[in-house]
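An overview of the molecular structure
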Amino acid sequence: MNRLFGTDGIRGVANRYPLNSETALVAGRAIAAYFCQNENASGRFMIGQDTRISGSMLASALAAGICSMGNDVYLAGIIPTPGVAYLTSTDEFDAGIVISASHNPFYDNGIKLFGSDGFKLSDAVEDSIEKLIQDPATLARQSQAIQQVGQIKALEGAGSRYRRFLENVISDANAKPLDGITLVIDASNGAASEIAPTIFQSLGATVKSISCTPDGININDNCGSQHPQGLSRAVVAEKADAGLAFDGDADRLIAVDETGTVLSGDHVMAICAQDMLSKGKLISAKVVTTVMSNIGFGQALDSMGIEHIKAQVGDRYVMEEMRKTGAVLGGEDSGHMIFLNHHTTGDGILAAIKLLEAMRSAGRPLSELATIMTVFPQCLINVDVTAKPAIETVDTIVTAIADVEAQLGDKGRVLVRYSGTQPQCRVMVEGPTEAETQSFCKQIADVVARELG
């Protein structure tokens, strides 16, 4: 049986295994059983969700499973994923659970977990919980032996407390540190639709909101961090200083400068790294990203004398490497960014605040700050696959990769990997020109599609 947990929790189509209500109830029992083995357990769990129509169904089933094991559940309602991480640690819950499929379409959903310290779980802990999920009969017997079941309660003021935390992140003593800045915010019709505009307005910015009217099915629908084209147009039309695009659960950020140009997560991290270094806040002068970061990002860090450490794909693995090496800044080109001196997980709104703080400190427009990094042309093709054998065992794919690498030499690179959340193989090529990069990427993708599609 395939592993339930991928790179970021359990993902799938809502109302189908493993994201159906029956499995969610068992998962709730398993989560409670695992965390309550600790003699210091409080017996309290928190659940938050994004705006997907299936969120309440899954949250209810998880809550029922947890309560059936004698524990209480506190529902935070619609709240960004990093908000759950923050409140899990500050309110001393045994674990925090997020019902979200991040940037995926509305018909998908997922279950993500945070430990009592606000950090995502290790592979080993996920494996232990998964083992319990695979034994529903034992969990059912344990549940039936419970004399006093738990209760489901509302977590009052969850969004307000998370908002206050973010508003205090900025180091400027000015009560309105973003006064005079005009922003366009695209919340992807997701969890940040209400909270993000409120935060930036409270910090003094003038805000124009788009894609901030969720209806349960329009989350990530041609908007947000995955589709910033509308945001680019709005920034130019409004003559704004910047645009901020979040994904459905607001743990990632993609920015747009005042000219309408889209900046990647690499751009944002490079700008923030320079700002933090100049202020003596880039402890250990290290930045951690995944292998997906652009070659140009590594060159930018090298020019600043900053060590670039690479982790496998997934912000959870970036965090593990950050904690191991002492780095305080890390993330993914896709927009997950971690400021470890402020938070225990990637936070799109926090990243946006730090980016605007850097812009205000430099006194320069975002387009100028972005020149710190020269982007190598990059092509990414997602190939639908029916199986995921180890890439190195498929000779034709190995040969195709080797052929392209030989032609690129030291002027580019190739990365082929499977998605941890979808039935896809991601083929990424960076090269010296746009035309060569796209040609090489398609060359490999065609072989992958033929062999695994």
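As a reminder, the structure under discussion sits directly above these lines.
Cut-offs used in this document
Residues numbered from 1 in each chain as written. Predicted model: local features only at pLDDT ≥ 70, side-chain atom pairs only at ≥ 80, totals over all residues. Heavy atoms only, no water. Phe/Tyr/Trp six-rings, centres within 6.5 Å; stacked < 30°, edge-to-face > 60°. Buried < 20%, exposed > 50% of the residue type's maximum accessible area, 1.4 Å probe, protein only. Helix = DSSP H or I, 4+ residues; strand = E, 2+ residues; numbered from the N terminus. Lys NZ or Arg CZ within 6 Å of the ring centre and 35° of its normal. Contact = heavy atoms within 4.5 Å. Pairing = 2+ DSSP bridges.

Time to look at the packing of aromatic side chains. Aromatic ring pairs are described here by two measures, namely the spacing of the ring centres and the angle between the planes. Using the criterion set out here, one finds six aromatic pairs in the structure. Measuring from centroid to centroid gives 5.1 Å for Tyr34 and Phe35, while their planes differ by 90°, and the two rings are edge-to-face. We classify Tyr34 as partly exposed; its relative accessible area is 22%. Taking the relative accessible area as the measure of exposure, Phe35 reaches 13% and is therefore buried. Note on Phe35 and Phe45: the rings are 6.4 Å apart at their centroids and 70° apart in plane angle, and the pair reads as edge-to-face. With Phe35 in helix H1 (residues 21-35) and Phe45 in strand E3 (residues 44-49), this residue pair connects regions lying ten residues apart in the sequence. The same class applies to Phe35 and to Phe45, which are both buried. Among the aromatic residues, ring-to-ring pairing joins Tyr34, Phe35 and Phe45 into one connected group. When the ring centre of Tyr74 is taken as reference, the NZ or CZ atom of Arg44 above it lies at 4.9 Å. Note that Arg323 overlies the ring of Phe119, its terminal NZ or CZ placed 3.6 Å from the centroid.

What follows concerns the environment of Ile111. The topology assignment puts Ile111 in strand E6 (residues 108-115). You can call Ile111 buried: its relative accessible area is 3%. The spatial distance from the C-alpha of Ile111 to the C-alpha of Thr345 is 16 Å, given a sequence separation of 234 residues. Look past the residues within four positions of Ile111 in its chain and what remains in contact with it is Gly9, Ile10, Leu19, Leu62, Ile97, Val98, Ile99 and Ser100.

Taken across its five residues, strand E2 (residues 9-13) has four buried, putting it largely inside the fold. Direction of pairing for strand E1 (residues 5-6) relative to E2: antiparallel, over a ladder of two bridges. Note on E2: the bridge partner recorded for Gly6 is Gly9. The turn linking E1 back onto E2 is made up of two residues. The sheet contact formed by E2 and E6 spans four bridges and is antiparallel. The residue bridging Ile10 from the neighbouring strand is Ile111, located in E6.

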